[in-house]
Structures are given as structure tokens and as C-alpha cells.
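Listed here are the chains, written in short residue letters.
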Amino acid sequence: MAASVSPPPEPSSLLGLAPVVPVVVLEDAADAVPLARALVAGGLPVVELTLRTPAGVEAIRAVAAEVPEAVVGAGTVLTPAQAEEAVDAGARFLVSPGWTDRLLAAMRGCGVPVLPGVSTASEVVALLERGVTEMKFFPAEAAGGIPYLKSLASPLPQARFCPTGGIDEARAPGYLALPNVGCVGGTWMVPGDALAAQDWPRVQRLAEGAAALGG
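Anyway, here's the lowdown on the structure attached to this text. (Residues numbered from 1 in each chain as written. Predicted model: local features only at pLDDT ≥ 70, side-chain atom pairs only at ≥ 80, totals over all residues. Heavy atoms only, no water.)

## Details of the packing of aromatic side chains
Part 1 of the reasoning: Per the counting criterion, the structure on display carries two aromatic pairs.
Part 2 of the reasoning: Look at Phe137 and Tyr148: their rings are 5.8 Å apart centre to centre, the planes differ by 5°, and that puts the pair in the stacked class. Taken together, the positions of Phe137 in strand β7 (residues 134–137) and Tyr148 in helix α6 (residues 145–153) put the pair 11 residues apart, joining distant regions of the chain.
Part 3 of the reasoning: Pairing Phe137 with Phe161 gives two aromatic rings, centres 6.3 Å apart and planes at 70°, and the pair type is edge-to-face. (Phe/Tyr/Trp six-rings, centres within 6.5 Å; stacked < 30°, edge-to-face > 60°. Helix = DSSP H or I, 4+ residues; strand = E, 2+ residues; numbered from the N terminus.)

## Some remarks on the side chain of Asn180
Part 1 of the reasoning: Mapped onto the secondary structure, Asn180 falls in the loop between α7 (172–176) and β9 (184–186).
Part 2 of the reasoning: In contact with Asn180, other than residues within four places in its own chain, are Leu149, Leu152, Ala153, Ala159, Arg160 and Phe161. (Contact = heavy atoms within 4.5 Å.)

## Observations regarding the sheet that holds strand β8 (residues 160–163)
Part 1 of the reasoning: Taken together, three strands build an open sheet; the order of strands is β6-β7-β8 and the sheet is parallel. Edge positions in the sheet fall to β6 (117–118) and β8, since each of these pairs with one other strand and no more.
Part 2 of the reasoning: Where β7 meets β8, four bridges bridge the pair, whose relative direction is parallel. Note on β8: the bridge partner recorded for Lys136 is Cys162. (Pairing = 2+ DSSP bridges.)

## As for the packing of helix α1 (residues 32–41) against helix α2 (residues 56–66)
The relative placement of two packed helices comes down to the angle between their axes together with the axis-to-axis distance.
Part 1 of the reasoning: At a minimum axis distance of 9 Å, the contact between α1 and α2 shows a crossing angle of 55°. It follows from the interaxial angle that α1 and α2 lie oblique. Here α1 runs over α2; the crossing is right-handed. Where α1 approaches α2, its residues Ala32, Val33, Ala36 and Arg37 are matched on the opposing element by Ala59, Ala62, Val63 and Glu66.
Part 2 of the reasoning: Along the lines of polarity and charge, the residues of the contact of α1 with α2 split into six nonpolar, no polar and two charged. (Axes fitted to C-alpha atoms, helices over the stretch in contact; angles between N-to-C directions. Parallel < 35°, antiparallel > 145°, perpendicular 65-115°, else oblique. Left-handed = near helix turned anticlockwise from the far one by under 90°. Nonpolar A, V, L, I, M, F, W, Y, C, P; charged D, E, K, R; others polar.)

## Some details on α1
Part 1 of the reasoning: Most of α1 is tucked away: seven of the 10 residues are buried.
Part 2 of the reasoning: Where α1 is concerned, the buried positions are Ala32, Val33, Leu35, Ala36, Ala38, Leu39 and Val40.
Part 3 of the reasoning: Looking at the residues trailing α1, positive phi occurs at Gly43, about 100°. (Buried < 20%, exposed > 50% of the residue type's maximum accessible area, 1.4 Å probe, protein only.)

## Thoughts on the environment of Ser154
Part 1 of the reasoning: Considering the arrangement of structural elements, one finds Ser154 in the loop between α6 and β8.
Part 2 of the reasoning: Between the alpha carbons of Ser154 and Ala207 there is a distance of 32 Å; along the sequence they are 53 residues apart.

## Section: unusual backbone geometry
Part 1 of the reasoning: A cis amide bond links Phe138 to the next residue, Pro139, at an omega of -10°.
Part 2 of the reasoning: Within the secondary structure, Pro139 is located in the loop between β7 and α6.
Part 3 of the reasoning: Of note, the phi angle at Thr76 is positive, near 55°, even though the residue is not glycine.
Part 4 of the reasoning: As for its position among the elements, Thr76 is in the loop between β3 (71–75) and α3 (80–89).

## Here we look at the nonpolar core
Part 1 of the reasoning: Judged by nonpolar contacts, the single largest core of 66 residues is most densely connected at Leu35, Leu49, Ile60, Leu94, Val124, Met135 and Phe161.
Part 2 of the reasoning: Sorting elements by how many residues they give to this core places α1 first, with seven residues.
Part 3 of the reasoning: One finds Leu14, Val71, Phe93 and Val95 within the second-largest nonpolar core, a separate group that totals 11 residues. (Core = buried A, V, L, I, M, F, W, Y, C linked by side-chain atoms within 4.5 Å.)

## Here's the deal with the pairing of β3
Part 1 of the reasoning: Taking burial as the measure, the five residues of β3 include five buried ones, the bulk of the element.
Part 2 of the reasoning: Here β3 shows two buried faces, one formed by Val71, Gly73 and Gly75 and the other by Val72 and Ala74.
Part 3 of the reasoning: Pairing of strand β2 (residues 46–50) with β3 involves five bridges; the strand directions are parallel. Bridging from a neighbouring strand, Val47 pairs with Val72 of β3.
Part 4 of the reasoning: Handedness of the crossover joining β2 and β3 through α2: right-handed. (Right-handed = clockwise from strand over helix to strand, strands pointing away.)

See the structure below:
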């Protein structure tokens, strides 16, 4: 009988678990488990399953139940109800593209790590005032990319980021070299054609390449 796999400990921070967080949009929740297994096997244990489709919550539920070695979370959280539903389904972290006080309070009230989205220095300062030091920088490339984040490091050294949006395998190392970046979010290891073909070996190979970016 195979030994059971113990789930990883609850993360207090998302930014040190893996250099790259796959940002996944699934149309069919049945693909979630084999996809998560391929990503974990490739060295990417943190998986952000977005709530952009109706399959999102069920995908999170399936991965939480069947892939205990994965740290699965919910992305594109836009409402307090979505935050609660995702955590009830087993999400171990929450990511939003932006934030309001109401949404931030609801996300933090769920008891899991959160990455609220920012794209300006004022938004960063506002989150620091509220005791949040880890944030999603989105949309990274459109909002100023590496030069913008580099310019924030000196005046706002306590803020750390997971940039997401327009980042590919070629751009990721430049972001990861910044002192205020803990990881990046991306989709290049979960291309649409691989998902459509259920080509999990290809996903694993792409994940292995992404995991290697961490040095």
C-alpha cells in the first residue's frame, strides 16, 4: 500500500515557496487534478486557480482533496463571497487583481495568506498602512515592469511583490533578480494548447524549466 502524502505546512508567506506561481484558467474542473500533479512533479507546488470561469471553485476543491502536496489557491478574487467560497473549497491563499477595504477585510478574515493587487505607489503605501507587506503587482508589464518595481525598492523596502501580467520565461529572471520580488506569476507553463490536448508531460517539462529559474 502506498504511503500517504502529507500536505505541506500552512504557508505564512507565499513568496518563498516557489520562484514561479502558475496562474491557471480552467474551463473544465476535471483537468485540475492531473494538471496540478504535473506542476508539482515539475517543481512548482504553488498553484493559483483563477475564478474567471465557472469551473474555478470546483477545480480548487478537487486539487485540495486529491493533490495534498500542492498549495492551491484562488486567483481573480473580486468579492467577499468569492473569497469565502474559495476557502471553503480548500483554497490556501487568495489573490486579487486589485483591492478595496471591504474586499481586503474579507480576504484577510478568511485566515489564509492574501496577495492583494497593486499597480501604483499610492496603493502600496495604503496597504502598508493596513499592515500588508506582500502584494501582487498587476498588470506587471503594463504597469511599468522591472524599472517601476526597482524604483519602489528604495523608498518602500518593506513591500514585497509577486508580479503577474505579461511575464514570460524570458522576462521572469529580470523580475526575480529584484530585491523586492519574491516570486512571479505566469501562464507560460500552462499554455492553452497543452491544456486542450491534456498534454500533462509537456506541462511538467515547462514547469521544470520555470522551477529552475529560482537558481
